[in-house]
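Below are the chains, spelled out letter by letter.
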Amino acid sequence: MYLVEDKAKRADVRTSEQLAGEGFMLATPIASPGGKWEHFPNSHISHHGKACCDIAHEWLIAYDFAQLNGGDILSGPRWMREHSAWGPSAWPIHWCEAVDAKIVDCGVHAAIAQEAFVARGLRAFRAQFIQRYSADAAASWRESWGKGDVSDHWIDGDAIYHEGNAVVVGDDHVKLWDGSAGWWINPRGEAGYGSLAAVRIDARVDSFATGLLWGNRRIPLNLWVEI
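These numbers were taken from a predicted model, which means no experiment stands behind them. (Residues numbered from 1 in each chain as written. Predicted model: local features only at pLDDT ≥ 70, side-chain atom pairs only at ≥ 80, totals over all residues. Heavy atoms only, no water.)

A few words on the pairing of strand 5 (residues 159-168). With 10 of 10 residues buried, strand 5 lies mostly within the body of the structure. As paired strands, strand 3 (residues 124-132) and strand 5 are joined by 9 bridges and run antiparallel to one another. The partner of Arg132 across the bridge, within strand 5, is Ala159. Linkage of strand 4 (residues 155-156) to strand 5, two consecutive antiparallel strands, is achieved through a turn of 2 residues, within which Gly157 is found at a positive phi near 65°. Sheet topology places strand 5 next to strand 6 (residues 174-178); 4 bridges connect them, and they run antiparallel. Looking across to strand 6, one finds that Val167 is bridged to Lys175. Two successive antiparallel strands, strand 5 and strand 6, enclose a turn made up of 5 residues. (Buried < 20%, exposed > 50% of the residue type's maximum accessible area, 1.4 Å probe, protein only. Helix = DSSP H or I, 4+ residues; strand = E, 2+ residues; numbered from the N terminus. Pairing = 2+ DSSP bridges.)

The next thing to look at is the nonpolar core. Counting residues in each nonpolar core, the largest one holds 23 residues, and the members touching the most others are Ile45, Trp95, Val108, Ile112 and Phe117. Contributing elements (two or more residues each) for this core: helix 1 (51-68), helix 2 (79-83), helix 3 (95-98) and helix 4 (106-119). If we ignore the near neighbours within four places in the chain, the residues touching Trp95 are Ile45, Ser46, His47, Cys53, Ala56, His57, Leu60, Ala111, Ile112 and Glu115. Listed in part, the 18 residues of the second largest apolar core include Phe125, Ile185, Ile201 and Ala203. (Core = buried A, V, L, I, M, F, W, Y, C linked by side-chain atoms within 4.5 Å. Contact = heavy atoms within 4.5 Å.)

Attention shifts here to unusual backbone geometry. With an omega of 0°, the peptide bond running from Trp91 to Pro92 counts as cis. Within the secondary structure layout, Pro92 lies in the loop between strand 1 (85-86) and helix 3. Even without a glycine there, the phi angle at Asn69 is positive, about 50°. Structurally, the position occupied by Asn69 is in the loop between helix 1 and helix 2. In this structure Asn69 comes out as exposed when scored by relative accessible area, which is 65%. Phi at Asp149 is positive, roughly 55°, even though this residue is not glycine. Structurally, Asp149 can be placed in the loop between helix 5 (135-147) and strand 4.

This part is about the pairing of strand 3. Burial analysis of strand 3 places 9 of its 9 residues in the buried class, which makes it a mostly covered element. Of the two faces of strand 3, the one holding Ala124, Arg126, Gln128, Ile130 and Arg132 and the one holding Phe125, Ala127, Phe129 and Gln131 are both buried throughout. In terms of strand pairing, strand 3 meets strand 8 (residues 196-202) through 6 bridges, oriented antiparallel. Note that in strand 8 the partner of Ile130 across the bridge is Ala198.

Packed helix pairs are characterised by how far apart their axes lie and by the angle those axes make with each other. Following both chains from N to C, one finds helix 1 and helix 4 inclined at 65°, their axes separated by 10 Å at the closest point. By crossing handedness, the relation of helix 1 to helix 4 is classed as right-handed. Between helix 1 and helix 4, the residues in contact are His57, Leu60, Ile61 and Asp64 and Ile112, Glu115, Ala116 and Ala119, respectively. Per-class residue counts for the contact of helix 1 with helix 4 are 5 nonpolar, 1 polar and 2 charged. (Axes fitted to C-alpha atoms, helices over the stretch in contact; angles between N-to-C directions. Left-handed = near helix turned anticlockwise from the far one by under 90°. Nonpolar A, V, L, I, M, F, W, Y, C, P; charged D, E, K, R; others polar.)

In this section: the side chain of Ser151. As for its placement among the helices and strands, Ser151 is situated in the loop between helix 5 and strand 4. A polar side-chain atom of Ser151 sits 2.7 Å from a polar atom in the side chain of His153. (Polar contact = N/O pair within 3.5 Å; in protein donor to acceptor, adjacent residues only side chain to side chain.)

The terminal C-alpha atoms of helix 5 lie 18 Å apart, and with 13 residues this matches the ideal 18 Å at 1.5 Å per residue to within 8%. The set of residues buried in helix 5 consists of Ala135, Ala137, Ala138, Ala139, Trp141, Arg142 and Trp145. The inward-facing, buried residues of helix 5 abut strand 1, strand 4 and strand 5. Within two residues after helix 5, Asp149 carries a phi angle of roughly 55°, on the positive side. (Expected span 1.5 Å × (residues − 1).)

This paragraph deals with the environment of Gly211. Tracing the backbone shows Gly211 in the loop between strand 8 and strand 9 (212-214). In sequence terms Gly211 and His173 are 38 residues apart; their C-alpha atoms lie 9.3 Å from each other. Beyond its immediate chain neighbours, meaning those up to four positions away, Gly211 contacts Asp172, Arg218, Ile219, Pro220 and Leu221.

Looking at the protein chain as a whole, the pLDDT averages 87, with 86% of positions reaching at least 70. Note on residues 2-27: pLDDT is under 50 here. Beyond four places in sequence and across chains, it has 44 contacts. (pLDDT = per-residue confidence, 0-100.)

This is the structure we're talking about:
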């Protein structure tokens, strides 16, 4: 996840002591489904324009194919969590760096998963999430990202911005993949710690003019939808 203007916020990192709180609290209602991330772009991995990134990308596709090992192409690429743990990433990042890193953020996981899904022949789109966590969790993450000298723009109170993928599994049905967690998000999930507050699927509108169906909920494309 990266915005140039957020670099300036790196010095404004608050510690857990400054954000003291006990237990978890649900996110306070946000003014719009997308909150401060209403117009936030998906993260994209850069390419050096050289063989280093070509080779890294080819390795990624081959590795995913090997890990799939003849299994269902709709299996989530859970190998990513073993290959690279979730944590602070400095942006911009290039393909040769992304596939070699042992710690990456959700933007890298989502970009890598997207390449894997598409290479398998699936229709997949980038997805953006807002999730509810707690003040304690947010404080801990702010501290970690601050130590890594990485922007914490993805945190707002006890809500966080997150990235994943939307994979088409039927005519217009979709599953939402959270690569950093290594699971499919349950469309029947309830409110609470880690729950989904809003989602936006980034796709060409003419592909699915009426949106995509996630569980029993129809999601219009390119718009934040409150869950």
